[in-house]
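Letter by letter, the chains look like this.
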Amino acid sequence: MIQAVPSGHRTKCLIIDAAEIRPSHDAGSRAILDMSQVLSEIGFDVTFLWENSPDFNDVLASSDAKFALVNRPSLFNRVCARVSDRMKIIYLAHDLHTLRLERELALNNRLSSASVRAMRLLEQVAFEKCSLALLPSKVEADFVREVWGAKNVEHLNYFHFAQTEISESIGKKLVFVGGQAHSPNADGVGWFITRILPSLQSNFPELEVVIVGSWLDDFKKSASLLGVKFTGLIDEETLSKTLVSSTIGIAPLRFGAGVKRKVLDYLNHGLPVVSTSIGVEGMTDSGSPPPGLLMADSEKDWISAISHLLENTESRQVLGSEGVKFIRANYSREVMADTLKKLLGSI
């Protein structure tokens, strides 16, 4: 139980982003919402401030907040130039952008190496100038400290989950959560549909695939020919019902960085998960994969892992139970509150 703080003893805090957060659209927005709720509960008077607001500069200049939590490396550098020394600037790094872009470049060569170098510079400046930097992955926090030599970099589990209805993992329905605008999602779903799904459908003709999130009509039309269903953007309650009615959660991500909320949400709902190593990176302090899932990186291993789970009810139930226990122990509201108290109390 989190102890409430009297209103007269609350510390003022800004949360700054480029535009208003949209928790139903992306995991980054959901992380900010989760964090703002816990900050409020542990004694902070939280005010959101969007850079695209007409009065952004005036509000920022007149604010007497002790802390400002700032998202995105480019935004951090713009904000840092506008605030006085009296305000502590905390950099919320939702993932290590440079790592994600380097992996994307290595996979498909669609990015320029110059763009990766520019992002590395932006991130390095942000880590250097901030009073404290937070990363959701301990692996990435350790990398920034040890390889880039940054100080005041800490690990924080960005998400918390309430206990919810648990999937019985019956039937033969795969679910993926994520929008096309995030390039790892677009690449991963395209790879899964074209290279893995046809083999699965030949062995399991009744197999269903449901994709939650915003996707372009042309892609939905072509994927629908293979029997893939799209829900579009849905609210939290509907998403929960969709996960509960599914059999397996999938994360076929071939590049990326940070911690994938979709995988944690699958586990929270008792779904067994099949994921690439990228999809489960950073979820444990040891760097090892969390319980509750099967890891697969090749097309052959993906087909084998999903086939095994579809054919083995007991395996699905064991993995589902292990995943729920992992989330309860590591991604609760109380865990986030305790960590934030320690980290913010030290600066």
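Rules and cut-offs
Residues numbered from 1 in each chain as written. Predicted model: local features only at pLDDT ≥ 70, side-chain atom pairs only at ≥ 80, totals over all residues. Heavy atoms only, no water. Helix = DSSP H or I, 4+ residues; strand = E, 2+ residues; numbered from the N terminus. Rg over C-alpha atoms; globule rule 2.2 N^0.38 Å. Buried < 20%, exposed > 50% of the residue type's maximum accessible area, 1.4 Å probe, protein only. Contact = heavy atoms within 4.5 Å. Areas by Shrake-Rupley, 256 points an atom, 1.4 Å probe, with all protein chains shown as cover. Lys, Arg positive; Asp, Glu negative; His and termini not counted. Charge placed at Lys NZ, Arg CZ, Asp CG, Glu CD. 1 Å grid on protein atoms, 1.4 Å probe; cavity = no way out; pocket = protein on both sides within 12 Å on 5 of 7 lines; lining within 4 Å. Points joined across faces, edges and corners; volume = space filled by probe spheres on them. Nonpolar A, V, L, I, M, F, W, Y, C, P; charged D, E, K, R; others polar. Expected span 1.5 Å × (residues − 1). Pairing = 2+ DSSP bridges. Axes fitted to C-alpha atoms, helices over the stretch in contact; angles between N-to-C directions. Phe/Tyr/Trp six-rings, centres within 6.5 Å; stacked < 30°, edge-to-face > 60°.

### Quick notes on the overall build of the protein chain
Here comes step 1: Looking only at helices and strands, the protein chain has 13 helices and 12 strands in total.
Here comes step 2: Its C-alpha radius of gyration of 21 Å places the protein chain within 12% of the 20 Å reference for a compact globule of 347 residues.
Here comes step 3: If one aligns the C-alpha atoms of the protein chain with their principal axes, the spans along those axes are about 65 × 50 × 40 Å.
Here comes step 4: Each of the 347 residues in the protein chain was classed as buried or not, and the buried ones make up 52%.
Here comes step 5: Considering only contacts in the protein chain between residues 6 or more positions apart, those separated by 24 or more positions represent 70%.
Here comes step 6: Accessible surface, the protein chain as shown: approximately 15600 Å² in total, 50% of it carbon and sulfur.
Here comes step 7: Here the protein chain carries 37 positive and 41 negative side-chain charges, and the mean point of each set is 2 Å from the other.

### Details of empty space enclosed by the protein
In this approach, a probe sized like a water molecule rolls over the atoms, and the result shows the empty space that is left.
Here comes step 1: With the rule as written, the count across this model stands at 1 cavity of 30 Å³ or more.
Here comes step 2: Counted as a void, the largest cavity has a volume near 30 Å³.
Here comes step 3: If you go around the largest cavity, the residues you meet are Phe 176, Val 189, Phe 192, Ile 193, Val 209, Ile 211, Ile 250 and Pro 252.
Here comes step 4: Listed by contribution, the elements that provide at least two residues to the lining of the largest cavity are helix H7 (183–203) and strand E8 (208–212).
Here comes step 5: Residue contributions to the lining of the largest cavity peak at 3 residues, all from H7.
Here comes step 6: When its residues are assigned to classes, the lining of the largest cavity shows 8 nonpolar, no polar and no charged.

### Concerning helix H11 (residues 299–311)
Structurally, the α-helix is built with 3.6 residues per turn, so residues lying three or four positions apart point the same way.
Here comes step 1: The terminal C-alpha atoms of H11 lie 18 Å apart, and with 13 residues this matches the ideal 18 Å at 1.5 Å per residue to within 8%.
Here comes step 2: Buried within H11 we find Trp 302, Ile 303, Ala 305, Ile 306, Ser 307, Leu 309 and Leu 310.
Here comes step 3: Looking at the buried positions of H11, the neighbouring elements they touch are strand E7 (173–177), H7, strand E10 (248–251), strand E11 (273–275), strand E12 (293–295) and helix H12 (313–330).

### Re the sheet that holds strand E3 (residues 67–71)
Here comes step 1: With respect to topology, 6 strands assemble into an open sheet ordered E2-E1-E3-E4-E5-E6, the strand pairing being parallel. Because the sheet does not close on itself, it has two edges, and the strands there are strand E2 (44–50) and strand E6 (153–155). Mean inter-strand twist for the sheet, computed between neighbouring axes without regard to direction, equals 25 degrees.
Here comes step 2: Looking at chain direction, E3 and strand E4 (residues 88–92) are connected through 5 bridges and run parallel. Along E4, the bridge assignment pairs Asn 71 with Leu 92.
Here comes step 3: Across the face of the sheet, helix H6 (residues 138–146) comes into contact with strand E5 (132–135) and E6 while running at roughly 165 degrees to E6.

### Description of the layout of surface pockets
Here comes step 1: When its volume is computed, the second largest pocket comes out at roughly 240 Å³.
Here comes step 2: Lining the second largest pocket are 14 residues, with Arg 30, Phe 161, Ala 162, Glu 236 and Asn 268 sitting closest to its centre.
Here comes step 3: Broken down by secondary-structure element, the contributors of at least two residues to the lining of the second largest pocket are helix H9 (236–244), helix H10 (261–268) and helix H13 (333–344).
Here comes step 4: In terms of residues, the lining of the second largest pocket owes the most to one element, H10, which gives 3 residues.
Here comes step 5: Taken together, the residues of the lining of the second largest pocket sort by class into 2 nonpolar, 6 polar and 6 charged.

### Here we look at the packing of aromatic side chains
Here comes step 1: Evaluation of the coordinates by the stated rule reveals 12 aromatic pairs.
Here comes step 2: Judged by centre distance (5.9 Å) and plane angle (70 degrees), the rings of Phe 192 and Trp 302 are edge-to-face. Of this pair, Phe 192 sits in helix H7 while Trp 302 sits in helix H11, and the two are 110 residues apart along the sequence. Both residues of the pair, Phe 192 and Trp 302, belong to the buried class.
Here comes step 3: Site record: aromatic cluster; members linked through ring pairs are Phe 76, Tyr 91, Phe 127, Phe 143 and Trp 148.

### Considerations on the sheet that holds E10
Either a parallel or an antiparallel arrangement is found when strands of a sheet pair, and the pairing is made through backbone hydrogen bonds.
Here comes step 1: Spatially, 6 strands are ordered E9-E8-E7-E10-E11-E12 in an open sheet, and the strand pairing comes out parallel. A strand with exactly one partner marks an edge of an open sheet, and here the two such strands are strand E9 (228–232) and E12. Averaged over all adjacent pairs, the angle separating strand axes in this sheet is 25 degrees, with direction ignored.
Here comes step 2: As paired strands, E7 and E8 are joined by 5 bridges and run parallel to one another. Looking at the pairing, Val 177 lines up with Val 212 of E8.
Here comes step 3: Contacts from H10 reach E7, E10, E11 and E12 within the one sheet, and its direction differs from that of E7 by about 140 degrees.

### What about unusual backbone geometry?
Here comes step 1: Look at Arg 72: it is not a glycine, yet its phi comes out positive at around 70 degrees.
Here comes step 2: Looking at where Arg 72 falls in the secondary structure, it is placed in the loop between E3 and helix H3 (73–80).
Here comes step 3: Here the phi dihedral of Ser 169 falls at roughly 50 degrees; this positive angle occurs in a residue that is not glycine.
Here comes step 4: One can find Ser 169 in the loop between E6 and E7.
Here comes step 5: Classification of Ser 169 by relative accessible area gives buried; the value is 3%.

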